Structures are given as structure tokens and as C-alpha cells.
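Chain residues, written in single-letter form:
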Amino acid sequence: MNDPIPLSKADIEVLAGRYIDGCATADEVARLEQALAMDAAARRAFLELCNLDSALEHRATSFSGPISPVSVVRSGGRRLPRALAGVASLFAVVAAVAWWLSAGGRRPHTTHYDDRALPVVTVATIHGGDDVDDGRPISPTTLRAGASVAIRSGSGADIDLLDDAVYGVSSSDEGALFGGSVLARLTGPAAQYAVTASNLRITDVGTSFRVERIDEEHLAVTVLDGTAEVQSRVRRPRCFWSFDDMDPVMAPTISLDAVRSLPVDLGAGVAAVEGIVGAGALRFDNTSEAVAIIDGGLGEKVGEGTLSMREGISLEALFVSRWSGGAGDYDELYRKEDGNCRVLLSFQNDGVSHAAFSEPRVPPGPCLSFGLHLAGIGYRELDMPLDGEDGRPTVAALTDGQVHHVVASYDSFSGRKSIAIDGVKRFEHVVPVGRLVLCGGPQRATIGNHLGIEPFSGVIDEVAIYDFALTTEEIAEHFRRASRGERYFEVESPGPFVPWRAIDRLVGGQTRVFNQRTAEAR
Amino acid sequence: MDESRRVEFLAQYKAAEPAIRAHVRRLVPLRSDVDDVLQEVAVVLWRKFPQFRPEEDFRRWAFGVAKYEVLAWYRDRGRDRMTLSGAMVEILADDAIREDSRLHSQREFLDRCLGKLDPRDRQLILVSYRPAARIQDVAARSGRSVGGFYQWLHRMRKLLLDCIRAEMQRSEKA
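Worth saying up front: this structure is predicted, and the values here are computed from it rather than measured. (Residues numbered from 1 in each chain as written. Chains lettered and ligands numbered in written order. Predicted model: local features only at pLDDT ≥ 70, side-chain atom pairs only at ≥ 80, totals over all residues.)

Caption draft 1: The arrangement of the overall build of chain A in detail. Per the secondary structure count, chain A includes six helices and 29 strands. When burial is assessed residue by residue, chain A has 48% of its 522 residues classed as buried. In chain A, the share of contacts with a sequence separation of at least 24, taken over all contacts with a separation of at least 6, comes to 60%. (Helix = DSSP H or I, 4+ residues; strand = E, 2+ residues; numbered from the N terminus. Buried ≥ 20, exposed ≤ 12 C-beta atoms within 10 Å, placed from the backbone. Contact = placed C-beta atoms within 7 Å.)

This is how it looks when you write it as C-alpha cells:
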């Protein structure tokens with residue numbers, strides 16, 4: 001039999017790497033063993049790599065806070081002897097205190113922000129601009145147009161931007177008018193298009209119409225040819241999980257959204273418990289498995305899918321939080337991470353560090369963070385300090401064992417980004433009017449965790465996601481209803497909500513003025 | 001065991017635990033298995049602590065206990081996995097005890113070398129080593145396939161090892 005060929009150091013490192021990653025085949029393990037048996041230097045290299053692996057593991061763990069070296073329940077479910085369990089508990093306390101002292105309460109949190117710029121959907125092309133721009137595809141964005149700019153929507157409508165229009169090209173068949181006026185013409189029988197303004201939508205069922213902003217609240221709709229339907233928004237969520245449908249036998253780990261039946265899959269760290277409102281709610285146990293994954297609503301690109309919002313967004317939930325409030329501890333309520341086009345609502349504390357995306361800048365410390373990517377601005381977080389100042393709650397107030405109501409919302413028509421707690425707006429920041437939300441895409445959204453490292457601790461119920469900003473009156477009303485044990489809103493009929501309701505129909509030559517907020521004709 | 005010995009055990013174990021974990025980790029291939037072995041080690045150390053003499057080095061004593069627990073783990077659960085043989089693990093365990101001081105020093109240089117990585121690489125590598133991290137998720141979020149991510153991880157570890165070795169040499173010369 002031939003002697004085995006000695007492996008190079010590089011080969012041994014590759015084999016050892018595959019071995020410790022659990023990827024090595026039987027043949028590779030055998031070759032590694034042979035090399036280690038033959039050569040003390042190979043064993044040394046192997047031990048060095050294992051040592052590095054273990055040091056990295058330790059280093060990574062030290063970011064996340066106290067970890068007991070002796071866990072009381074092992075993976076196989078067997079328990080330690082009672083006496084040792086007591087010791088382990090005591091040890092865990094000692095270890096936790098030691099960690100806290102050694103960290104000085106200032107250890108930075110390593111959270112994972114996916115900063116990639118994922119592909120964004122193309123919604124239209126520019127026409128009539130300068131030579132460079134003509135025919136250029138555009139993603140959801142707001143155009144501040146001169147007289148000669150026009151676009152062709154992905155759905156086949158020609159849109160002229162007039163009177164210094166400020167126009168959000170939000171999707172392939174819809175846009176939002178923030179200023180000036182637009183003229184929409186369908187180019188063929190299959191084409192379709194709608195112009196929205198807050199609670200109002202004008203959709204073309206004929207050939208051409210013009211929408212002109214008269215003032216901050218009013219729009220004049222003129223139909224030039226054919227017919228246009230004027231609609232008002234049905235102010236109901238795009239998705240809503242009441243968690244009342246949990247079937248302990250048939251589907252103990254799935255809950256369906258009441259609007260579109262998007263399922264939420266529950267991790268092992270989530271249990272169905274008695275509802276804050278209705279029959280069910282979810283208890284999150286602060287472990288890596290404490291996660292409810294929304295299994296759907298995705299798109300291939302950013303800007304696509306059910307969980308893609310454009311002109312506005314609201315995230316609403318009821319919760320009982322047991323968040324520590326400590327430095328480095330993040331508790332997620334909701335997160336969808338499509339690269340840097342993420343949406344999040346989470347409790348955060350970066351210790352003495354200023355949060356990277358905070359706008360406006362706030363003092364370091366515990367906060368409730370509402371993160372959103374706005375086209376033309378980028379990803380920013382509205383970090384509401386939990387400091388008890390100016391009507392803001394403290395950590396203690398939000399972790400008092402009681403139920404709290406949260407709404408985080410953004411409205412591109414007013415530029416207001418705000419967080420409300422228990423029915424009252426507590427913190428707000430205003431950005432320039434007309435910035436569209438960029439979100440949605442291929443990554444699954446989660447309730448109660450992110451990558452297993454930011455688990456929520458406590459109970460979450462009645463999670464609603466809207467594609468518009470709830471008003472202060474609606475937020476107060478939702479809180480009042482929830483406090484009485486009722487749903488946020490009356491459910492008129494079972495099944496999907498219709499997002500828009502026809503209120504008027506105009507034909508060629510007619511002009512009518514509507515209030516964009518109330519959707520009433522003047 | 002009386003209260004004073006219990007307190008002594010806690011103090012000794014607390015001081016030695018990172019080293020014991022590192023020692024076990026060098027010998028057990030999968031991170032997910034380490035906690036199981038460590039728990040057995042902790043149980044045996046606790047049971048055997050009355051036999052431990054105060055003049056002994058607790059760490060070395062614990063390493064000896066850990067070696068047999070690792071071997072027991074290989075015997076009981078390692079056989080159905082792609083693992084090194086028990087005989088090889090025993091050799092490695094003895095090597096690791098002999099090399100403990102040098103391996104311990106290596107760990108001291110990790111932070112410095114991590115600091116030399118691109119911040120994104122540093123963050124990604126630490127995220128991938130978090131106890132709860134699923135490589136599939138981390139790989140997807142980094143825009144790589146699982147196979148591609150492991151290759152990247154291999155390159156990062158090699159970079160770090162080279163850096164650590166260079167830092168150690170520099171330190172020894174100084």
C-alpha cells in the first residue's frame with residue numbers, strides 16, 4: 001500500500017475549516033485524521049483554527065449580554081439535578097453581574113443591518129425631458145417637474161406634469177399628487193392609471209383626466225374625455241393579525257392575517273396565550289426562537305409585494321413588554337429587512353453611542369425606534385427617547401406589566417413621521433412633503449425578532465399594517481376601543497377589505513373639487 | 001457539600017469557565033454540541049469537586065475532566081456524525097493542554113485583528129457566530145449562497161489567523 005501523500009498546510013486549513021463548519025464529508029474527515037495523525041504541525045494548525053473558532057464564538061456572544069455557562073434545561077430536555085440547578089441559577093446571577101460590571105453597561109450592541117441596496121422595481125419611464133433623461137426608467141420617486149417633463153407609466157398611461165407639479169411616481173399604475181397638477185391619458189384599452197391624494201383617488205375608466213391641487217386640502221378633478229371614478233379610501237389595514245384563529249390541534253403554530261390570509265409561522269419561542277383583545281395573542285419568550293415570521297407578501301424587488309407601502313404607512317400593535325431597557329438589548333415588534341429599504345419598529349438601546357440612523361438626533365439611551373427608508377432621503381430611524389420628558393413614556397412605564405398600544409406612522413402628504421403610545425402622539429419629526437416610502441421586496445417580515453438576536457420579551461396582539469397614516473383621531477379611537485377589549489375598528493363584513501370605495505363618477509367636460517382628507521365634494 | 005465549598009466551586013468555575021469552554025470547543029466540532037458537553041463537564045466537576053484538592057490547579061483539573069467527557073461524547077453521540085476518531089481526539093486533547101498557554105495568548109490578539117477587518121466584514125463574521133444565528137439566514141442577508149458564505153468565512157478566518165500569528169511574533173520579539 002502506498003504511503004498517504006502529506007497534505008499542505010493550506011489543504012489542512014481547508015479541511016479543518018470544513019470540519020468545524022460541519023460541512024466535511026466522510027472522505028474529508030478521514031483525510032484530515034490521517035494528516036493530523038502524521039504531523040504535529042498539522043495538529044497545531046488544527047487546534048489554532050478551532051481555538052479561533054471558539055474565540056470568535058465567545059466574542060460574538062459577549063455582545064448579546066449575560067449568558068449562563070450552565071443552562072438549566074439541556075437541548076434534549078433533561079434537567080440538571082435540582083441542587084445543581086440551584087447552583088446554576090446562582091451562577092447565572094453571578095455571571096450576569098460580572099458581565100454587567102465588566103461591560104460597564106456600555107458594551108455596544110452588534111445588531112445586523114443589511115445595508116445592501118437591493119434592486120428596486122421600475123415603475124415608469126421619463127419622456128419629454130432633456131436628451132439624457134428621455135426614456136430613462138425610474139423607480140418609485142417624487143418628481144419636481146418643469147413644464148416639459150412627462151412620464152409613461154408601466155401600465156401604459158402618459159402623465160404630463162404641469163404647473164410645477166410635485167408628483168410621486170409610486171407604482172406602475174398609480175401616482176401621488178403633492179403639488180401642481182397632472183394630466184393622465186390612457187394610451188390603449190388595456191392601460192389603467194390612478195392619481196391619489198391622501199384619502200382620495202381618481203381612477204381612469206375612460207381616456208383622460210386632469211387633477212389639480214388647489215390648496216393644501218383641495219383638489220380639482222376635470223375629466224377631458226371619457227369617464228373618471230373618484231374614490232375615497234377605506235381606512236382599514238392592509239394586513240391584520242388578531243391571533244384569534246390559533247387552532248391548538250390543527251394549526252398550533254400558524255395564524256392568518258384577516259385581510260389577505262397571509263400566514264404567520266410561529267417559532268418555538270412563541271406561544272399562543274389568551275388575547276389582550278379577542279381569543280388569542282402571542283407570548284414571546286425572549287429567546288432566539290421567539291419569532292413570528294410573516295410567510296408571504298413578498299415581491300421580487302423592493303417596491304413590490306403586499307408589504308410594500310408608498311405614500312404612507314402605519315404599524316399598530318398592543319403589547320405587554322418585559323424589555324430590559326439595558327444597553328445592547330433590542331426587542332423587535334416588527335421588521336422587514338429588504339436591504340437598506342427596511343421597516344422596523346423596535347425597542348433599542350445603544351448605550352452611550354448615538355444610534356447610527358437617528359433623525360432627529362436624540363441623546364443616547366433607551367428608545368422606541370421607527371425605521372423607514374424614504375426615497376431621496378434614505379433609511380432613517382425616528383428614535384423616541386424613553387426618558388419621561390415632554391409627554392414621552394419611560395422604560396418603566398412601558399414595561400409595567402400593563403397593556404400598551406403603539407402606532408408608528410408616516411404620511412408623505414404632510415411629511416409627518418410619528419410615534420403614538422396609548423392613543424396619544426408622543427414624538428414626531430417632519431420631513432419635506434412628498435417623500436415616498438421605499439419598502440417591500442424579497443425578504444420575509446418578522447414580528448418579535450430579527451435574525452434570532454433581537455427577541456421580544458412579552459405579549460404582542462392585534463398587529464395591523466396600513467398603507468396610510470392613521471390620524472390622531474383614529475389612533476385615539478383605536479386605543480379607546482382596545483382598552484374596552486374591542487378590535488380597533490368595526491368589521492363590516494368578513495373577508496378582504498376593499499381598499500377604495502367609489503364616491504363619484506365624472507364624465508367628459510365635468511370639473512369638481514374634493515377635499516383630500518374627507519373625500520367630500522365641495 | 002457545605003456552603004463554603006459551594007461558594008469556592010462557584011468562584012473557581014467562574015474563573016475557569018471561559019478556558020474550559022475554549023478547551024471543549026477545540027475538541028468538539030459543532031458549536032451546537034458544545035453546550036451539551038459543557039453541561040456534562042459542569043455536572044461532573046460539581047460531583048467530583050469534593051475530590052479536588054485546594055493546592056491543585058483547578059483549570060488543569062477541569063481540563064482533565066473535560067477530556068474524558070469529550071471522549072464520552074464522541075463514544076456516545078459522535079459515532080453517527082462525521083467526526084474524528086476518539087483516539088485522535090485524545091491526542092488533540094493532550095496537545096491542547098500542552099499548548100494551552102499559547103492558545104490562550106492567541107485569543108488575546110483576536111480583538112486587535114478583528115479591528116483591522118472592514119467593519120462590515122467584522123459585523124458579518126460576529127453575526128454569523130452568534131449562538132442563535134442560522135448560517136442560511138446570515139448567508140442570504142449577505143447576498144451569498146450558503147456555500148459561498150462558508151468560503152468567505154474560511155477566508156476571513158485565514159486572514160484573522162495570519163494576523164494573530166503575526167501579532168504574536170511581533171509581541172514575542174518586543
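Caption draft 2: Local environment of the overall build of chain B. When its secondary structure is counted, chain B shows nine helices and zero strands. When the helices and strands of chain B are listed from N to C terminus, the series reads α-α-α-α-α-α-α-α-α. Taking all 174 residues of chain B together, 33% fall into the buried category. Put simply, of all contacts in chain B between residues at least 6 apart along the chain, 58% involve residues at least 24 apart.

Caption draft 3: Highlighting the confidence of the model for chain A. Of the residues in chain A, 84% reach a pLDDT of 70 or more, and the chain-wide mean stands at 83. Contacts of residues 63–110 of chain A to residues separated by more than four positions or lying in other chains number 73 contacts, the stretch itself having pLDDT below 50. (pLDDT = per-residue confidence, 0-100.)

Caption draft 4: Examining the sheet that holds strand β19 (residues 331–338) of chain A more closely. Residues and elements named next belong to chain A. Overall, antiparallel pairing links the eight strands, which are arranged β13-β14-β17-β26-β19-β20-β21-β22 in an open sheet. Strands at the two margins of the open sheet, each flanked by one partner only, are β13 (254–256) and β22 (378–385). Recorded for the sheet is a direction-independent mean angle of 20° between the axes of neighbouring strands. Two strands pair when backbone bridges link them, and strand β17 (residues 292–294) and strand β26 (residues 445–447) are joined in this way by three bridges, in the antiparallel orientation. (Pairing = 2+ DSSP bridges. Axes fitted to C-alpha atoms, helices over the stretch in contact; angles between N-to-C directions.)

Caption draft 5: Representation of the packing of helix α1 (residues 9–20) of chain A against helix α2 (residues 26–38) of chain A in the model. Residues and elements named next belong to chain A. Two elements in contact, α1 and α2, have axes whose closest approach is 10 Å; the angle formed by their N-to-C orientations is 125°. Classified by the interaxial angle, the pair formed by α1 and α2 is oblique. For the crossing formed where α1 meets α2, the hand is left-handed. Touching I12, L15, A16, R18 and Y19 of α1 are E28, V29, R31, L32 and A35, all from α2. (Parallel < 35°, antiparallel > 145°, perpendicular 65-115°, else oblique. Left-handed = near helix turned anticlockwise from the far one by under 90°.)

Caption draft 6: Spatial organisation of the confidence of the model for chain B. Confidence in the prediction of chain B, expressed as mean pLDDT, is 82, and 92% of residues score 70 or more. For this predicted complex, the interface confidence score (ipTM) comes to 0.84, while the overall pTM stands at 0.62.

Caption draft 7: How the structure looks around the nonpolar core. The biggest cluster of nonpolar side chains holds 114 residues, and the ones touching the most others in it are A:L282 and A:I460. The contacts of A:L282, once residues within four sequence positions are left out, are A:F243, A:L266, A:V270, A:A272, A:A292, A:V459 and A:I460. (Core = buried A, V, L, I, M, F, W, Y, C linked by C-beta atoms within 7 Å.)

Caption draft 8: Region of interest: unusual backbone geometry. All names here are of chain A. At the junction of E359 and P360, the peptide bond is cis and its omega measures out at 5° in the coordinates. Structurally, the position occupied by P360 is in the loop between β20 (341–349) and β21 (366–374). A positive phi angle is found at D163, which is not glycine, with a value near 55°. At L451, a residue that is not glycine, the phi angle is positive and equals roughly 55°. Looking at the element boundaries, L451 is found in the loop between β26 and β27 (457–466).

Caption draft 9: Structural view of the pairing of strand β25 (residues 424–430) of chain A. Residues and elements named next belong to chain A. Sheet topology note: the strand β24 (residues 416–421)/β25 ladder contains six bridges and is antiparallel. Looking across to β25, one finds that I419 is bridged to F427. Joining the antiparallel neighbours β24 and β25 is a turn of two residues, in which D422 adopts a positive phi near 50°.

Caption draft 10: The arrangement of helix α6 (residues 472–483) of chain A in detail. All names here are of chain A. Counted at 1.5 Å a residue, the expected span for α6 with its 12 residues is 16 Å, and the 16 Å between its end C-alpha atoms agrees. The inward-facing, buried residues of α6 contact β18 (312–321), β23 (404–411), β24 and β27. In the stretch just after α6, G485 is the one whose phi turns positive, near 85°. (Expected span 1.5 Å × (residues − 1).)

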